[in-house]
Amino acid sequence: MRILSGIQPTGNLHLGNYLGAIRNWVLMQDEISAQGGTCLYFLADLHAISMPHDPATLSANTREMVAALVACGLDPDRSILFNQAQVPQHAELQWLLNGTARTGWLNRMTQWKDKAGKNREGASVALYTYPVLQAADVLLYQSTHVPVGEDQKQHLELARDIAQKFNNDFASEENPVFTLPAPMIPPEAARIMSLRDASGKMSKSDPSDMSRINLTDDADTIMQKVKKAKTDPEPLPSEIAGLEGRAEAKNLVAIYAAMSGSTIEQILTDFGGAGFGTFKPALGELLVERLAPINARFVELRQDRTALDAILRKGAEKARALAVPTLERTYEALGLVRG
Ligand code: ADP
Ligand code: TRP
């Protein structure tokens, strides 16, 4: 198995990013490396320039994200951790795949439609061809499985379509150039909602800092945010059905379950009948206990630019070595002379 996933270096990581993405990466690293497979995780900094951005913020966020990933348990010796900008093969393969991707396919991408909005004429070309770069990211390494959120499923299907068409047009069924990647979508429970309004997801763009738990929050802040989280006056039910229509309660129980590695049923067996006066301090303590070591490593590592740059350099070197053979085969299949 070869696992690959990317995340945009947006900064300000929160509990939603941790439970929805990063923790899965760490779990997968442990599982896959034990089976002799390879995990590649990267910061999609090339994707980040598809929207208006500030250069200084982009480089600061890229380093901050590496610090966060390592603090959360990604081990740069077992996983290949890098940023796209140091592996030029991504951009090269994207150009080669531009010959295969169809504009009709890109026009159907919902992320493009959402992000460009009514101003298509003013959107960057990079925003439009974003999914082709994503396909290059995946196909460059012959990835078999790609862990992503539901919102990225369409981009993965496009990557498969591009791989399939390229193999049909320029290779043979017995000797394809690209492996067709399969998306791995985590279970619904991984979606963490805002602490202030559980109808929206926990997000870095929420103007209220009380709506989320940041990886930079200290113990007191975490406890305070949990205690102030919106809830209802009812005690917790003993069965899942009792959470129906109680989005805030459901969210807090789901966070407890995810953080403790237990099921929602089990949490309700333990806390059924208890009020939030009991449950919130227990949840706060659990979060502090699990996040404190991550927070400590993160705060220390994010200041060590030399160490962070060394991690990225080493990761990029390993990534390039894996990328080159596929890229060369692609040039060759297209009839491009490489001397
Ligand atoms: P944000 O909404 O804070 O801007 P991003 O869109 O940058 O977060 O998401 C980065 C990663 O974290 C993605 O893989 C996404 O699926 C995951 N993620 C973000 N918010 C949540 C959440 N509230 N619950 C679960 N996963 C999330
Ligand atoms: N587009 C993805 C996101 O916004 C990030 C990403 C870029 C990615 N390239 C990828 C994810 C390749 C998986 C595989 O979340």
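Residues numbered from 1 in each chain as written. Chains lettered and ligands numbered in written order. Predicted model: local features only at pLDDT ≥ 70, side-chain atom pairs only at ≥ 80, totals over all residues. Heavy atoms only, no water.

1. Here we look at the overall build of the protein chain
A tally of helices and strands in the protein chain yields 13 helices and five strands. Radius of gyration (C-alpha) of the protein chain: 22 Å, near the 20 Å computed for a compact globule of 339 residues. Expressed as lengths along the three principal axes of its C-alpha atoms, the size of the protein chain is roughly 70 × 45 × 40 Å. Here the protein chain holds 339 residues, and the buried ones make up 47% of them. Counting contacts in the protein chain only where the partners sit at least 6 residues apart, residues at least 24 apart contribute 75% of the total. Side chains of the protein chain carry 35 positive and 40 negative charges; the gap between the two charge centres is 3 Å. (Helix = DSSP H or I, 4+ residues; strand = E, 2+ residues; numbered from the N terminus. Rg over C-alpha atoms; globule rule 2.2 N^0.38 Å. Buried < 20%, exposed > 50% of the residue type's maximum accessible area, 1.4 Å probe, protein only. Contact = heavy atoms within 4.5 Å. Lys, Arg positive; Asp, Glu negative; His and termini not counted. Charge placed at Lys NZ, Arg CZ, Asp CG, Glu CD.)

2. Describing the site of ligand 2
In the neighbourhood of ligand 2, 14 residues make up the surrounding shell, with His47, Tyr130, Gln134, Asp137 and Gln152 lying closest. The separation between a nitrogen atom of ligand 2 and a polar side-chain atom of Gln134 is 3.0 Å. Between ligand 2 and Asp137, the relevant distance is 2.7 Å, taken from a nitrogen atom to a side-chain nitrogen or oxygen of the residue. In the complex, the protein chains occlude 89% of the 370 Å² of accessible area that ligand 2 would expose alone. Every element with two or more residues in the shell around ligand 2 is listed here: strand S1 (2-7) and helix H7 (125-139). Residue contributions to the shell around ligand 2 peak at four residues, all from H7. (Near = heavy atom within 4 Å. Polar contact = N/O pair within 3.5 Å; in protein donor to acceptor, adjacent residues only side chain to side chain. Areas by Shrake-Rupley, 256 points an atom, 1.4 Å probe, with all protein chains shown as cover.)

3. Regarding the domain arrangement of the protein chain
Segmenting the protein chain into domains produces domain 1 (2-190 + 304-334) and domain 2 (209-301). Domain 1 and domain 2 are separated by 32 Å when their C-alpha centres are compared. With 16 residues of domain 1 at the contact, the number on the domain 2 side is 14 residues. A buried area of about 1,400 Å², summed over both sides, lies between domain 1 and domain 2, and 72% of it is on carbon and sulfur atoms. When the buried surface of domain 1 facing domain 2 is broken down by residue, Leu15, Tyr18 and Ala71 rank first, second and third, together holding 34% of it. Our enumeration of links across domain 1 and domain 2 arrives at zero salt bridges. Here domain 1 is connected to domain 2 by five residue pairs in polar contact (both at pLDDT 80 or more). Those elements that place two or more of their residues in the side of domain 1 that touches domain 2 are helix H1 (15-34), helix H3 (55-71) and helix H13 (305-334). Per element, the largest residue contribution to the side of domain 1 that touches domain 2 is five residues, and it comes from H3. Of the residues assigned to the side of domain 1 that touches domain 2, the class counts are 11 nonpolar, two polar and three charged. (Domains from an automatic or database assignment. Buried area = accessible area lost by both parts, 1.4 Å probe. Salt bridge = Lys/Arg side-chain N within 4 Å of Asp/Glu carboxyl O. Nonpolar A, V, L, I, M, F, W, Y, C, P; charged D, E, K, R; others polar.)

4. Describing the nonpolar core
Membership of the largest hydrophobic core comes to 59 residues, with the highest contact counts inside it found for Leu15, Tyr18, Met259, Phe279, Leu287 and Leu291. Each of domain 1 (2-190 + 304-334) and domain 2 (209-301) contributes no fewer than three residues to this core. Setting aside residues up to four positions removed in sequence, Leu287 forms contacts with Leu15, Ile213, Ile222, Val226, Ile255, Met259 and Ala292. Counting 40 residues, the second-largest nonpolar core is a separate cluster that includes Leu96, Val146, Ala163 and Val177. (Core = buried A, V, L, I, M, F, W, Y, C linked by side-chain atoms within 4.5 Å.)

5. Some remarks on empty space enclosed by the protein
Here the structure, examined in full by the defined rule, presents one cavity of 30 Å³ or more. Considering only enclosed or pocket space, the largest cavity measures out at about 40 Å³ in volume. Gln111, Trp112, Leu127, Tyr130, Pro131 and His155 are the residues that line the largest cavity. Taken together, the elements giving at least two residues each to the lining of the largest cavity come down to helix H6 (110-116) and H7. (1 Å grid on protein atoms, 1.4 Å probe; cavity = no way out; pocket = protein on both sides within 12 Å on 5 of 7 lines; lining within 4 Å. Points joined across faces, edges and corners; volume = space filled by probe spheres on them.)

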